[in-house]
Amino acid sequence: RVSSAVESDIFRSVQAILRELEGQHPASQPIRGMLRWTLHKKIENSPAKSISLVKIVVKELERAERADNKLYIIPLLHTLMYTIIQAAYIPDDLYQRVYDFCKRLLTLPEPYCTIGLSHAVKIKTERYTPGLLYQRMLITEQNIKNDQFPYQEKVLVFADPGVFPGETGAALSRDIESSSPLHSPVGHMRSVIQHTLQAALGESCDGPALARILEAGGQDVEAYFQEVVLCMEHCSEEAGSDRSQYTARLQKLYAHILRTADHDVQSQGSLCSVPLPNPEISFHLWREDEQLWRELAKFVRSGSSYDHYSMGPDFFDLNDFSVDFSPEMTRHSILSNDSGIERDLPPNELPAVAEEPPSGGSEQEQARLLRRGCIRMKPSVSDGMALLQDGVLEEPSASGKLQRKVGSRGMSVSKQQRLYTARVVVMGDDQVLGKLAKAYYSLRKREARRPFLTTKLNLKIYYVPVASEPQNASPATSSKPCLLASYLGRVDPWFESNINSLGNMIPKLVKMQSSTSKSAETDPFLVDVISYYIRLALQPVFFTLYSVKSLFYLTQYFIFEMYLKCYSINSPEGSVRNKKSISEICGAVISVNYIKASLSNRETNRGVSLRTSGVLINAIPMSERDGYFSSQDIPFLFSAYLDCLTVSFSDSPKIKTGVVSFMFFFLVKHDQRIRTCSIKIRSLERRTFTVCLDKDSKRVFKDVLSIEVSRCLDPGYCIQKARKSKFTLGDEKDVGLMKYMTKGLPLPINTFAGIIQ
């Protein structure tokens, strides 16, 4: 047990975190989220403090439930779950108390019921097989090979080189990669054995003695590890099984380990803390568009059966996939597992009878390349199911289809278990999100041709906003640099507290780490926060990607681009010559055709002509007011977040002379802001636009005559539609798998709670 002074200190730390959620940030803490990190560090090396923290957090959860204070529930739940995963031992009555609270959350609306159900399942599993969550997390993150739980994970951080230029990017890379776990695979096996036996046996386990024996165990540690994993996975498959059988089996193993070292089995001792090590993180400066897909392919190839073909890092050439994809073109291809050349194959893979070289030929002729017989294979039904499982099913909501999708709801098709999980953390401002949108669309386009990653890999995307230096900002990026992060912070307060506040301090943290001596031991704060984020942020928020079709004035050709957040249009100033004087005007006369967005999902075509100097098309609400319909439109659903575009026009033009002409007035009276899912804008004069995508200075296009913005279609849906078109005889209704696939392409970004309305 811990003293009353220690419990009081833990209680004050929890209360400080709750006050921080309400905006009462203490001046002594330079970064919001530091309080949560400090609290977990306090209990990391003290198993008794973990039990005290669980008791205090459960009391605060029950108090928040009675007071109907939903602001505290999700942050306290995540704090509770992170403590339980790493705790050396939790009594059974505490498990029951936490489980009962999580079940009561099922009566609340989303996301509380979704998170409550997820935690209730984990608590029930942990109660019957203590230590299972810790074991699975460590095995997958550290890629420890075993026969019972073959799942693997990899964390990849992609940072924008524009935000981290030069030495800053190199220092950030050293800071992240130097914080990787120092233990060997055998050391991780010892941690699993130590934590599992303590969690199952509790205070009857002599922790220090067990740690000393395992340290000197040598090769026997791997055998003990395999036995522990086999026991836990076998018991976890039997839901609601008797815990006594599981405990008795581990008690037998514990006694065997102590007897091998001639240690008294009945000895008593305290429990040892076994902190969960941070996952190994690979850092990349995102300089190439294909870099994301290449790293994912390397991860899948490195842990699969491709190893015995002795592929080099450059074997997986991307040139084979350089042909652009068109939905109208049906192309069937297969990705071979080997080069197809017999000389490159290992001896055990060679065919029994090989073609004899011609007699009398030279050595060069005898060593000619012999290709194995191959056939062209059409995509199977399982490939189509993989695309279906990787997409988001269309689900009508109570407030209509325009509500933004959030969370992982139940599917009508059972999801296939995939052995690999890639957790991609993107660091940067809004420009890196535009790059992410393009890379994600490119990845889906490759997978639509022939699923390779989709059948094996779960892709989880996380976002850490980091603003670039103000002096490097261009006019195209002079506004708020992290608009999507501001939106996520509004809908998820725990994301605002732990992630948004971190982004502003990352450059300063990197400089502090660089100035610190390498010999000095410093806590890896940045890596700890990233590890906490990827472990507990399991609720995705889906953002619709939009495609832009632009027509250029001089060349008369179109380009297609992807964008995620905003699309700005500027028209330069010009002059109009009159009989009496010359008038300088701003903007140009444009024609706007759009489909008005409505909660009733009724398509209403609208058209307007006006003169404006600029148009801003936002896919992310810039403020709470921009994300809602007014109460006059629909009184009982005015708080629904809409999944549509918000188009804002600049103010009326200013004429610098006193001459007024009818050309300078709006031809049709228009609103300052419209909401739509697709829009077409074209110039009615011989004046062109300058457009910018996602505030990226590298994606600025001049001399644009017209644009068309619409939702980007999922390549998987397009290729399914192309394959079925020859059987539908012109019928546009979706058939087969298309009925269960979304037409649009959503980009999921994981947060702690999703959207809290």
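Residues numbered from 1 in each chain as written. Predicted model: local features only at pLDDT ≥ 70, side-chain atom pairs only at ≥ 80, totals over all residues. Heavy atoms only, no water.

Draft legend 1. Representation of the overall build of the protein. For the protein, the helix and strand inventory stands at 21 helices and 18 strands. Put simply, the protein has 757 residues, and 52% of those count as buried. Intrachain contacts of the protein at a sequence separation of at least 6 include 79% that bridge at least 24 residues. For the protein, the computed accessible surface area is about 36,300 Å², with 51% contributed by carbon and sulfur atoms. (Helix = DSSP H or I, 4+ residues; strand = E, 2+ residues; numbered from the N terminus. Buried < 20%, exposed > 50% of the residue type's maximum accessible area, 1.4 Å probe, protein only. Contact = heavy atoms within 4.5 Å. Areas by Shrake-Rupley, 256 points an atom, 1.4 Å probe, with all protein chains shown as cover.)

Draft legend 2. Expanded view of the nonpolar core. Residues M427 and I506 are the most contacted members of the largest nonpolar core, which totals 155 residues. Not counting residues within four places of it along the chain, the set of residues in contact with I506 comprises F164, L172, M427, V464, V466 and L526. (Core = buried A, V, L, I, M, F, W, Y, C linked by side-chain atoms within 4.5 Å.)

Draft legend 3. Quick look at empty space enclosed by the protein. Enumeration according to the criterion identifies 6 cavities of 30 Å³ or more in this entry. Of the pockets and cavities examined, the largest cavity occupies roughly 70 Å³. Every residue along the wall of the largest cavity is listed here: H78, I115, S118, H119, K122, L536, L538, Q539 and F752. At 4 residues, the largest contribution of residues to the lining of the largest cavity is made by helix α6 (residues 112-128). Residue classes in the lining of the largest cavity are distributed as 4 nonpolar, 4 polar and 1 charged. Each of domain 1 (1-130) and domain 2 (151-169 + 281-301 + 419-469 + 481-542 + 715-729 + 738-756) contributes no fewer than three residues to the lining of the largest cavity. (1 Å grid on protein atoms, 1.4 Å probe; cavity = no way out; pocket = protein on both sides within 12 Å on 5 of 7 lines; lining within 4 Å. Points joined across faces, edges and corners; volume = space filled by probe spheres on them. Nonpolar A, V, L, I, M, F, W, Y, C, P; charged D, E, K, R; others polar. Domains from an automatic or database assignment.)

Draft legend 4. Focus on the packing of aromatic side chains. Across all of its chains, the model carries 11 aromatic pairs by this definition. Aromatic pair Y82 and Y532: ring centres 5.0 Å apart, planes at 85 degrees, arrangement edge-to-face. Of this pair, Y82 sits in helix α4 (residues 73-86) while Y532 sits in helix α20 (residues 525-536), placing them 450 residues apart in sequence. As far as the burial class goes, Y82 and Y532 line up, both buried. (Phe/Tyr/Trp six-rings, centres within 6.5 Å; stacked < 30°, edge-to-face > 60°.)

Draft legend 5. Molecular detail of the state of the cysteines. Overall, the coordinates contain 0 disulfides when judged by the stated rule. A disulfide-free cysteine, C644 has its sulfur positioned 5.7 Å from the sulfur of C677, the nearest such atom. On the accessibility criterion, C644 (5% relative accessible area) is buried. Free cysteine: C712, not disulfide-bonded; nearest cysteine sulfur from C718 at 7.7 Å. (Disulfide = S-S within 2.5 Å.)

Draft legend 6. View of the pairing of strand β1 (residues 152-159). For β1, the tally of buried residues reaches 7 of 8 residues, placing the bulk of the element in the interior. Sheet topology note: the β1/strand β2 (residues 281-285) ladder contains 5 bridges and is parallel. Across the sheet, residue A159 finds its bridge partner in β2, namely L285. (Pairing = 2+ DSSP bridges.)

Draft legend 7. Summary view of the sheet that holds strand β4 (residues 457-465). A sheet is described by the order of its strands in space; here 4 strands give the open sequence β2-β1-β3-β4, paired in parallel fashion. The sheet terminates laterally at β2 and β4, the two strands that pair on one side only. Taking each pair of neighbouring strands and ignoring which way they run, the sheet shows an average axis angle of 20 degrees. On the sheet, helix α13 (residues 291-302) packs against β1, β2, β3 (420-428) and β4 and is oriented at approximately 160 degrees with respect to β1. (Axes fitted to C-alpha atoms, helices over the stretch in contact; angles between N-to-C directions.)

Draft legend 8. Spotlight on the packing of helix α3 (residues 47-66) against helix α5 (residues 92-104). Closest axis-to-axis distance for the α3/α5 pair is 11 Å, and the angle between their directions is 30 degrees. Comparing their axes, α5 and α3 come out roughly parallel. Seen along the crossing, α3 lies across α5 with a hand that is left-handed. Packed against α3, whose contacting residues are I51, V54, K55, V58, K59, L61, E62 and E65, the element α5 presents L94, R97, V98, F101 and R104 at the interface. For the contact of α3 with α5, the per-class residue count stands at 7 nonpolar, no polar and 6 charged. (Parallel < 35°, antiparallel > 145°, perpendicular 65-115°, else oblique. Left-handed = near helix turned anticlockwise from the far one by under 90°.)

Draft legend 9. Main features of a nonpolar patch on the surface. Together, L106, L117 and V121 line one region of the surface with nonpolar side chains, adding up to about 260 Å² of accessible area. Structurally, L117 is set in helix α6. Classification of L117 as partly exposed rests on a relative accessible area of 46%. (Patch = residues over 30% accessible without salt bridge, like charges linked within 9 Å, V, L, I, M, F, W, Y side chains within 5 Å. Salt bridge = Lys/Arg side-chain N within 4 Å of Asp/Glu carboxyl O.)

Draft legend 10. Inspection of the packing of α5 against α6 at higher detail. Viewed as axis vectors pointing N to C, α5 and α6 meet at an angle of 160 degrees, and their least axial separation amounts to 9 Å. In terms of orientation, α5 and α6 fall into the roughly antiparallel class. Here α5 runs over α6; the crossing is left-handed. Contacts between α5 and α6 pair D92, Y95, Q96, V98, Y99 and C102 from the former with G116, H119, A120, I123, K124, E126 and R127 from the latter. Among the residues forming the contact of α5 with α6, the class breakdown is 6 nonpolar, 3 polar and 4 charged.

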